[in-house]
Every structure is written in structure tokens, then in C-alpha cells.
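# A look at the structure
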Amino acid sequence: WLKSSSGHVPLDVLMTVSHNIFDLREALFDAWFFRRVHSQCPSASEEDECEECSNELRVALFQGAFAGVQLSSSWREFFGEFRLPHRPRERLVSNLERYAGNYSNVVYTCGIVTALARKPAGLALVAAQFISVLAPLEYFNRMILLSARVFEIIAKRGRVSQIHGGAKLRFLLALASHGGLWLMLTSKPGLKGSAVGALLSVMHLLLRVRPWTDVAADRLRSPFGVQM
């Protein structure tokens with residue numbers, strides 16, 4: 001059904017799909033963890049920047065973007081009307097472009113859920129991640145203060161009354177726990193779950209009805225009309 005009447009896949013379709021697959025890969029590598037590790041990880045002394053980075057992950061998790069990849073569309077829009085396609089090529093190209101970020105999160109989430117089902121110890125990483133984004137900043141400041149006081153007692157030095165660095169500790173905990181979950185994705189159960197997520201994404205690509213605006217635009221370009 002992706003082929004033309006001559007029996008070959010049209011070049012424009014191949015180019016469009018290839019371009020959108022590249023966009024999907026770019027969306028995946030634009031995940032919060034990879035961006036922080038590669039080029040935008042704040043230095044130890046930049047408390048405000050550390051807190052901003054942690055808040056970015058918090059917002060992503062609250063939106064349901066568990067991979068840290070920005071959603072291309074809301075989940076409400078993602079789970080819209082489904083119907084068997086009359087023109088699969090148009091629907092595939094349109095949905096791949098419209099929901100690339102969502103598909104990245106689907107693949108990640110399926111992989112993590114499968115990996116956690118086989119290795120429940122990984123739930124500690126999930127707990128650490130949510131502590132890092134939900135606990136107040138004062139909690140991390142107190143942890144550092146307590147550690148400093150213990151050190152001062154052991155070293156028999158003066159008492160420490162105030163210390164900063166909670167934002168850095170929060171960020172490092174978020175980075176370590178989120179990175180640990182990405183590492184679990186490379187395990188055998190994680191890869192199997194990711195494959196299931198990819199299959200579900202392909203099914204969504206074909207069954208999710210295209211927006212009426214796209215269909216109307218195609219009908220204007222074609223005298224015979226285009227089905228959804």
C-alpha cells in the first residue's frame with residue numbers, strides 16, 4: 001500500500017519518511033539526559049543553573065514525557081480518533097512528523113516498564129528520580145549541612161551553621177537516577193520492551209486519524225479528494 005501503480009515506492013515518500021525518521025532520532029537525542037551530559041551540564045558552582053536544569057526534568061515528567069524528550073503534541077491529542085487508513089502513505093508521513101516526540105517517549109516507557117518488571121531493584125532509580133524533582137530544595141540543603149556537621153565533628157573543628165549546595169545535589173541525583181534508567185533501557189528486557197513500544201508506535205502511525213486541516217489541504221491539491 002506504500003507503492004505507486006508502477007510497483008515502486010515514490011521517491012518523494014521515501015525522502016519524506018527518511019527526513020521524519022531523522023527528526024525522530026534527533027528528538028530522541030534531544031532528551032534531557034543527553035543534553036546535560038554532552039554540552040549543557042552546569043558547573044558545580046552554578047546553583048541557579050542546577051536548579052533550572054532539575055526543574056526542566058520535573059516539568060517533563062509531569063507532562064508524561066518520562067524519557068525527558070519534549071512532547072510534539074499533548075497526550076490528549078495523541079490518543080484521539082483511530083480508524084483504518086484509506087491512504088496509509090499520507091497518514092504515516094503526517095503522523096510521524098506530528099508525534100515524533102511522543103513516539104520517543106512511548107519507546108522509552110515501554111522499555112523501562114519491561115526492564116523494571118524483570119529487575120525490580122531498578123525501582124530504586126525511579127524513587128531517586130522522583131525524590132530529586134519533588135523534594136524541596138531545603139531538604140537537599142539540610143542533607144549537605146548534616147554531612148558537613150558530621151565531618152566537622154569527626155575532624156573536631158568548629159560547628160557549621162549554614163551551607164549551600166542543595167541545588168547541585170538535587171541536580172546530580174536527578175542526572176544519576178535518570179541516566180541509570182536510560183542504562184536499564186540497554187538491557188535485554190529493556191530492548192524487548194522498546195521493540196514493543198516501536199511496534200505500538202507503528203500501529204499508532206497507521207491508525208491515528210489525520211487532523212482535518214491536513215485532509216482539507218490535500219483535498220484542495222487533488223481534484224479527486226483525499227481520504228483520511
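Residues numbered from 1 in each chain as written. Predicted model: local features only at pLDDT ≥ 70, side-chain atom pairs only at ≥ 80, totals over all residues. Heavy atoms only, no water.

Of the regular secondary structure elements, the protein chain holds eleven helices and zero strands. When its helices and strands are written in sequence order, the protein chain yields α-α-α-α-α-α-α-α-α-α-α. Out of the 228 residues in the protein chain, the part that is buried amounts to 41%. Accessible area for the protein chain stands at about 13500 Å²; split by element, carbon and sulfur atoms hold 64% of it. (Helix = DSSP H or I, 4+ residues; strand = E, 2+ residues; numbered from the N terminus. Buried < 20%, exposed > 50% of the residue type's maximum accessible area, 1.4 Å probe, protein only. Areas by Shrake-Rupley, 256 points an atom, 1.4 Å probe, with all protein chains shown as cover.)

Should their charged atoms come close, side chains of opposite charge can pair. A complete count under the given rule lists seven salt bridges for this structure. Residues Glu90 and Arg87 are paired through a salt bridge, measuring 2.9 Å at the closest nitrogen-oxygen approach. The class for Arg87 is partly exposed, based on a relative accessible area of 30%. Several salt bridges share partner residues, and in doing so they unite Asp30, Arg35, Arg36 and Glu56 into one network. (Salt bridge = Lys/Arg side-chain N within 4 Å of Asp/Glu carboxyl O.)

As for its placement among the helices and strands, Ser187 is situated in the loop between α9 (166-184) and α10 (188-207). Taking the relative accessible area as the measure of exposure, Ser187 reaches 14% and is therefore buried. Side-chain polar atoms of Ser187 contact the backbone oxygen of Met184, separated by 2.6 Å. If we skip the residues at most four places from it in the chain, Ser187 touches Ala115 and Lys119. (Polar contact = N/O pair within 3.5 Å; in protein donor to acceptor, adjacent residues only side chain to side chain. Contact = heavy atoms within 4.5 Å.)

Our focus in this paragraph is the packing of aromatic side chains. Summed over all chains, the structure comprises eleven aromatic pairs. Here the aromatic rings of Phe33 and Phe34 are separated by 5.6 Å at their centres, their planes lie at 75 degrees, and the arrangement is edge-to-face. For the pair shown, Phe33 and Phe34 are each scored as buried. An angle of 70 degrees between the planes, with centres 6.2 Å apart, marks the rings of Tyr99 and Tyr103 as edge-to-face. (Phe/Tyr/Trp six-rings, centres within 6.5 Å; stacked < 30°, edge-to-face > 60°.)

Before going further, it helps to examine the environment of Thr109. Within the element layout of this structure, Thr109 appears in helix α6 (residues 100-118). Residue classification places Thr109 among the partly exposed positions, given a relative accessible area of 24%. The spacing of Thr109 and Gly190 is 81 residues in sequence and 9.5 Å in space, taken between C-alpha atoms. Among the polar contacts listed, one links the side chain of Thr109 to the backbone oxygen of Asn105, at a separation of 2.7 Å.

A grouping of Glu46, Asp48, Glu49 and Glu52 is seen on the molecular surface, where their side chains present a negatively charged patch. For Glu46, the position within the fold is in the loop between α2 (32-38) and α3 (47-62). (Patch = residues over 30% accessible without salt bridge, like charges linked within 9 Å, V, L, I, M, F, W, Y side chains within 5 Å. Lys, Arg positive; Asp, Glu negative; His and termini not counted. Charge placed at Lys NZ, Arg CZ, Asp CG, Glu CD.)

On to the confidence of the model for the protein chain, then. Per-chain confidence: the protein chain averages 80 in pLDDT, with 69% of residues scoring 70 or above. Confidence, read as mean pLDDT per element, is least for helix α1 (residues 11-29) in the protein chain (56) and greatest for helix α7 (residues 123-134) (95). With pLDDT under 50 throughout, residues 1-9 is counted as low confidence; its partners more than four residues away or in other chains account for 13 contacts. Scored below 50 in pLDDT, residues 158-163 makes 13 contacts in the model with residues more than four places away or belonging to other chains. (pLDDT = per-residue confidence, 0-100.)

For the rest of this paragraph, the subject is the environment of Leu191. By secondary structure assignment, the location of Leu191 is in helix α10. Note: C-alpha distance between Leu191 and Gly111 (80 residues apart in sequence) is 6.1 Å. With residues near it in sequence (within four places) discarded, Leu191 still touches Leu185 and Thr186.

The next thing to look at is the nonpolar core. In terms of nonpolar packing, the biggest core is built from 23 residues, with Trp32, Tyr108, Ile112 and Trp182 touching the most fellow members. Of all the secondary structure elements, the ones that give two or more residues to this core are α2, α3, α6 and α9. Tallying contributions element by element places α9 first for this core, with seven residues. When neighbours within four sequence positions are excluded, Tyr108 is seen to be in contact with Phe66, Ala67, His178, Leu181, Trp182 and Leu185. Counting residues in hydrophobic clusters, the runner-up holds seven residues, among them Phe78, Tyr103, Cys110 and Leu205. (Core = buried A, V, L, I, M, F, W, Y, C linked by side-chain atoms within 4.5 Å.)

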